Amino acid sequence: MTPADLSRTVLHAVRRAVDEDALRAPVPARVRVERTRPGGRGDYATAVALQLAGPAALPAREVAEILRERVQGAPGIGGVEVTGPGFLNFTLDGDDGLAALVRAIEARGTEYGHGDALVGVTASFVPVDELRALVVTGAVERLLRSQGAEVGARAADGEALHVVPVPAADRDLFAWLGSDAARWALLRAAPHDRARYTGSDELLVQQESNPLFRVRYAYARTRALSRNAQQLGFRAAYEESVDAPALGALLADHPGVLAAAARHREPDRLARQLEAVAQAFFDFHDGAAPLPVGDEKPSAAHRSRLALAEAAGTVLAGGLSLLGISAPEVL
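1. A closer look at the side chain of Arg-70
Argument step 1. Note that Arg-70 resides in helix H3 (residues 60-71).
Argument step 2. Its relative accessible area of 14% is what places Arg-70 among the buried residues.
Argument step 3. The contact partners of Arg-70, leaving out residues within four places of it in the chain, are Ala-13, Arg-16, Ala-17, Glu-20, Ala-22 and Asp-253.

Here's what the structure looks like:
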């Protein structure tokens, strides 16, 4: 991990903390990281928490702890420590953290990111009839279950939850757009915002301007890469370091995004995450081809890139499933 990669990783953690309302402060344009001075801790350090403390109206050490939770475990980072008034100190991982991440995703499959953040929580929901409330409630229930919550049982205090998003304007949305596009239209906007859809000129068109198409096409492309690699006689295997900090950071963030989406009952967080993963996958794919070109023979680099591409596809498929949206292998 280069200093530039580390800077982007920390900046991403700041954005995530602000998005999750854990930190109320403007996101800086960049985060400055420096080599630790003699006698300091770790390999690099940043004073970004001190910079954000004033606008956030929080002690700098508290800001640093908020960021530390969101940076710890990112690919290439072995450890994060808060020192002094609120400095973040980073020890880089001598091993390739992205390799461990890819293997973790491979091991969990589409359940990567499911966890026990809400074990012990019970949730029941007030019955609803309005279309958008039905769709959002269903997605929230799936997210809660993915984090270990018991859904359907009456909470200990007897109180049922009520998801009340801004209603959909058209009750025939499923007949108009179909199940997948209709669910995306109703879930992509935050519950307190009006769902945005204009029909066939947006969510039904298979082109780059359609965010749902981009997400599903990214998944379909990862499956096509695997099929093509098999035809060329090789399979994915993470064998050497891959330079994909943006994609790696987003895949590492996925468990936290699922937990936050469940905790706050906001499936739009997951939809935005999938859009970001899809874009990062396309950027990675365009910059470093996972398949041999021309007379090239399959190499360790190709096998490693393919493994990362497959990991991205797994995350996209799992996320779409939680939203109740299909992930076609061919588009």
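Read on, since the account is not over.
2. Structural notes on helix H7 (residues 179-188)
Argument step 1. H7 sits mainly inside the fold: seven of its 10 residues count as buried.
Argument step 2. The set of residues buried in H7 consists of Asp-180, Ala-181, Ala-182, Trp-184, Ala-185, Leu-186 and Leu-187.
Argument step 3. In the core, the buried residues of H7 are packed alongside helix H5 (131-146), helix H6 (173-177), helix H8 (211-231), helix H10 (268-287) and helix H11 (300-323).

3. Examining the nonpolar core
Argument step 1. Counting 70 residues, the largest nonpolar core has Leu-144, Leu-247, Leu-251 and Leu-308 as its most contacted members.
Argument step 2. Of all elements in the fold, only helix H4 (97-108), H5, H6, H7, H8, helix H9 (245-263), H10 and H11 reach the threshold of two or more residues within this core.
Argument step 3. Considering every element that reaches this core, the biggest residue donor is H11, with 12 residues.
Argument step 4. Discounting residues that sit within four places of it in the chain, Leu-247 has contacts with Val-277, Ala-280, Phe-281, Phe-284, Leu-308 and Ala-312.
Argument step 5. Among the nonpolar cores identified, the runner-up in size contains 26 residues, and Leu-6, Ala-17, Val-71 and Val-80 belong to it.

4. Digging into the pairing of strand S3 (residues 77-83)
Argument step 1. Within S3, five of the seven residues are buried, which leaves the element mostly enclosed by the surrounding structure.
Argument step 2. Alignment of S3 against strand S4 (residues 87-92), held across six bridges, turns out to be antiparallel. Note on S4: the bridge partner recorded for Val-80 is Phe-90.
Argument step 3. Where S3 folds back onto S4 in an antiparallel hairpin, the turn is made up of three residues, including Gly-84, whose phi is positive at roughly 55°.

5. A closer look at unusual backbone geometry
Keep in mind that most residues, glycine aside, have a negative phi and that most peptide bonds are trans.
Argument step 1. Phi is positive for Ala-57, close to 55°, though the residue is something other than glycine.
Argument step 2. Along the chain, Ala-57 falls in the loop between helix H2 (48-56) and H3.
Argument step 3. Non-glycine residue Arg-265 carries a positive phi angle of around 55°.
Argument step 4. Mapped onto the elements, Arg-265 comes out in the loop between H9 and H10.

6. Some points on the packing of aromatic side chains
Any two aromatic rings considered together are summarised by their centre-to-centre distance and by the angle between their planes.
Argument step 1. Counting across every chain of the model gives three aromatic pairs.
Argument step 2. When the ring of Phe-213 is compared with that of Tyr-217, the centres are 5.5 Å apart and the planes differ by 10°; the resulting orientation is stacked. You can see Phe-213 and its partner Tyr-217 sitting in helix H8, four residues apart, about one turn around the helix.
Argument step 3. Assessed through its relative accessible area of 14%, Phe-213 is described here as buried.
Argument step 4. Each ring, one from Tyr-217 and one from Phe-282, has its centre 5.9 Å from the other, and the planes form 25°; the classification is stacked. Within this pair, whereas Tyr-217 is found in helix H8, its partner Phe-282 is found in helix H10, the two being separated by 65 residues in sequence.
Argument step 5. Taking relative accessible area as the criterion, Tyr-217 reaches 33% and is therefore assigned partly exposed.
Argument step 6. On the basis of relative accessibility, which here comes to 16%, the residue Phe-282 falls in the buried class.
Argument step 7. What links up through ring pairs into an aromatic cluster is the set Phe-213, Tyr-217, Phe-281 and Phe-282.

7. Topic: the sheet that holds strand S1 (residues 34-35)
Argument step 1. In space, the four strands of this open sheet follow the order S1-S2-S4-S3, with antiparallel pairing throughout. At either margin of the open sheet sits one strand with a lone partner, and together these are S1 and S3.
Argument step 2. Pairing of strand S2 (residues 44-46) with S4, which is carried by three bridges, proceeds in the antiparallel orientation. For Thr-46, the partnering residue across the bridge sits in S4 and is Leu-88.
Argument step 3. Against the sheet, H3 engages S3 and S4, with an angle of about 170° to S3.

8. A look at the packing of H5 against H7
Argument step 1. Interaxial distance between H5 and H7 falls to 10 Å at its minimum, and their mutual angle equals 85°. Put simply, H5 runs roughly perpendicular to H7. Here Leu-131, Arg-132, Val-135, Val-136, Ala-139 and Arg-142 of H5 lie close against H7, whose contacting residues are Arg-183, Leu-186 and Leu-187.
Argument step 2. Here the contact of H5 with H7 is built from residues that sort into six nonpolar, no polar and three charged.

9. Some remarks on H9
Argument step 1. For H9, with 19 residues, the first-to-last C-alpha span of 27 Å sits near the 27 Å given by 1.5 Å per residue.
Argument step 2. Just beyond H9, the residue with positive phi is Arg-265, at close to 55°.

What counts, and where the lines are drawn
- Position numbers for residues count from 1 along each chain, tracking the sequence in the order it is written.
- Owing to the predicted nature of the model, reporting of local features is limited to residues with pLDDT of at least 70; listing and counting of side-chain atom pairs is limited to 80 or more, with chain, interface and lining totals taken over all residues.
- For the side-chain quantities, the full set of heavy atoms in the structure was used; hydrogens and water were omitted.
- Where helices and strands are cited, they refer to DSSP runs of H or I of at least four residues and of E of at least two residues respectively, numbered from the N terminus.
- Accessible area is worked out with a 1.4 Å probe on protein chains only. A residue is then buried under 20% of its type maximum, exposed over 50%, and partly exposed in between.
- Pairs of residues are marked as contacts when any of their non-hydrogen atoms sit within 4.5 Å.
- Take the buried Ala, Val, Leu, Ile, Met, Phe, Trp, Tyr and Cys residues and link them wherever side-chain atoms come within 4.5 Å; each set so joined is a nonpolar core.
- A strand pair is defined by DSSP finding two or more bridges across the two strands.
- Two aromatic rings, drawn from Phe, Tyr or Trp (for Trp, its six-membered ring), form a pair once their centres lie within 6.5 Å of each other, and the interplanar angle then sorts them: stacked below 30 degrees, edge-to-face above 60, tilted otherwise.
- To obtain an axis, a line is fitted to C-alpha atoms, over the contacting stretch when the element is a helix, and the angle between two such axes runs from 0 to 180 degrees between their N-to-C directions.
- Roughly parallel covers angles under 35 degrees, roughly antiparallel covers those over 145, roughly perpendicular covers 65 to 115, and oblique covers all other angles.
- Amino acid classes used here: Ala, Val, Leu, Ile, Met, Phe, Trp, Tyr, Cys and Pro are nonpolar; Asp, Glu, Lys and Arg are charged; the rest, including Gly, are polar.
- In this analysis, the expected span of each helix is defined as 1.5 Å times one less than the number of residues it contains.

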